[in-house]
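For reference, the chains in residue letters:
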Amino acid sequence: NTAQGITALAQYGDVSVTNNGSIIASAQTIGNAFGIIASSNPGDVSVDNAGSITATSVSGRAYGIYAYSLYGDVDVSNSGDITATSTSNRAWGIYAASIYDDVSVNNDGDIVAKSTSNAATGIYAFGQNATITGYGDVTATTTTGAATGIFAQAIDDYGVITIDVSGDVTAS
């Protein structure tokens, strides 16, 4: 089963999600868990979260916030606490990606990404240009995979990466 707290998908248009409440998404079998999933094929994606998010998967991937656009900007603003845990797959606190446009993540909440047997990433940003800012703490832990607190990547050689955070970043 797949567990999704909030799902907002657009084939042709912008997506905007605002959350101030608590979200718990728990996939008990092989499915993925998403606290918030916001995705658009050609449109912009915006997620503004101030609530607490817990995304847990036994065998699938766990995403606190998943924000994706193929041809649009992706903007994620988080001031809530996020915990993403996968027992046997990957875990991301915030996953923000755009293939052909810019990605911006501002995190003022505390993020914990945990995986028992795979990779764990606190904040992941991938786009033409990628910016990560904020003062929240970010923790990524794993027993056997790669632990990365913050990961930002530009798609091509001319992209700009900006990381300006003042919270503690821990990877172990």
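Summary of the structure given here. (Residues numbered from 1 in each chain as written. Predicted model: local features only at pLDDT ≥ 70, side-chain atom pairs only at ≥ 80, totals over all residues. Heavy atoms only, no water.)

**Topic: the nonpolar core**
With 26 residues, the main nonpolar core has Val47, Ile65, Val76 and Val105 as its most contacted residues. Not counting the four nearest positions on each side in its chain, Val47 is found in contact with Val17, Ile36, Ala38, Ile65, Ala67, Asp75, Val76 and Ser77. (Core = buried A, V, L, I, M, F, W, Y, C linked by side-chain atoms within 4.5 Å. Buried < 20%, exposed > 50% of the residue type's maximum accessible area, 1.4 Å probe, protein only. Contact = heavy atoms within 4.5 Å.)

**Description of the sheet that holds strand β9 (residues 82-86)**
Reading across the sheet, the 6 strands line up as β3-β6-β9-β12-β15-β18 and stay open at both edges, with parallel pairing between neighbours. Of all strands in the sheet, those with a lone pairing partner are β3 (23-27) and β18 (169-171), marking the two edges. Neighbour to neighbour, the strand axes of the sheet diverge by 5° on average, direction disregarded. As defined by bridge partners, β9 adjoins strand β12 (residues 111-115) across 5 bridges and the pair is classed as parallel. The partner of Ser86 across the bridge, within β12, is Ser115. (Pairing = 2+ DSSP bridges. Helix = DSSP H or I, 4+ residues; strand = E, 2+ residues; numbered from the N terminus. Axes fitted to C-alpha atoms, helices over the stretch in contact; angles between N-to-C directions.)

**Comments concerning the pairing of strand β6 (residues 53-57)**
Where burial is concerned, the two faces of β6 differ: the one with Ile53, Ala55 and Ser57 is buried and the one with Thr54 and Thr56 is not. The pairing of β3 with β6 spans 5 bridges and is classified as parallel. Bridge pairing links Ala25 to Ala55 in β6. Here 5 bridges tie β6 to β9, and the two strands are oriented parallel to one another. Across the sheet, the residue bridging to Ser57 is Ser86, located in β9.

**Some remarks on the packing of aromatic side chains**
Evaluation of the coordinates by the stated rule reveals 11 aromatic pairs. Both rings, one in Phe34 and one in Tyr66, keep their centres 5.8 Å apart while their planes meet at 85°; by these two values the pair is edge-to-face. Pair noted here: Phe34 is in strand β4 (residues 33-40) and Tyr66 is in strand β7 (residues 62-69), with a separation of 32 residues, a long-range link. Of the two residues examined, Phe34 and Tyr66, each falls in the buried class. Plain terms: the ring middles of Tyr63 and Tyr66 are 5.1 Å apart, the flat faces sit at 80° to each other, and that makes the pair edge-to-face. The exposure class of Tyr63 is buried, given its relative accessible area of 6%. What links up through ring pairs into an aromatic cluster is the set Phe34, Tyr63, Tyr66, Trp92, Tyr95, Tyr124, Phe126 and Phe151. (Phe/Tyr/Trp six-rings, centres within 6.5 Å; stacked < 30°, edge-to-face > 60°.)

**Digging into a negative patch on the surface**
Negative charge collects at one region of the surface, where Asp14, Asp44, Asp48, Asp73, Asp75 and Asp102 lie side by side. Topologically, Asp48 is positioned in strand β5 (residues 45-49). We classify Asp48 as partly exposed; its relative accessible area is 36%. (Patch = residues over 30% accessible without salt bridge, like charges linked within 9 Å, V, L, I, M, F, W, Y side chains within 5 Å. Areas by Shrake-Rupley, 256 points an atom, 1.4 Å probe, with all protein chains shown as cover. Salt bridge = Lys/Arg side-chain N within 4 Å of Asp/Glu carboxyl O. Lys, Arg positive; Asp, Glu negative; His and termini not counted. Charge placed at Lys NZ, Arg CZ, Asp CG, Glu CD.)

**As for a nonpolar patch on the surface**
On the surface, Ile161, Ile163, Val165 and Val169 cluster together to form a nonpolar patch covering roughly 290 Å² of accessible area. With respect to the secondary-structure elements, Ile163 resides in strand β17 (residues 161-165). Overall, Ile163 belongs to the partly exposed group, its relative accessible area being 44%.

**Remarks on the sheet that holds strand β13 (residues 120-127)**
Taking strand neighbours across the sheet as the criterion, the 6 strands line up as β1-β4-β7-β10-β13-β16 in an open arrangement whose pairing is parallel. Looking at the sheet topology across the chains shown, the edges are occupied by β1 (3-10) and β16 (147-154). Neighbour-to-neighbour, the strand axes of the sheet open up by a mean angle of 0°, direction not taken into account. In this sheet, strand β10 (residues 91-98) lies alongside β7 in parallel orientation, the contact comprising 7 bridges. Within the sheet, the bridge partner assigned to Ile65 lies in β10 and is Ile94.

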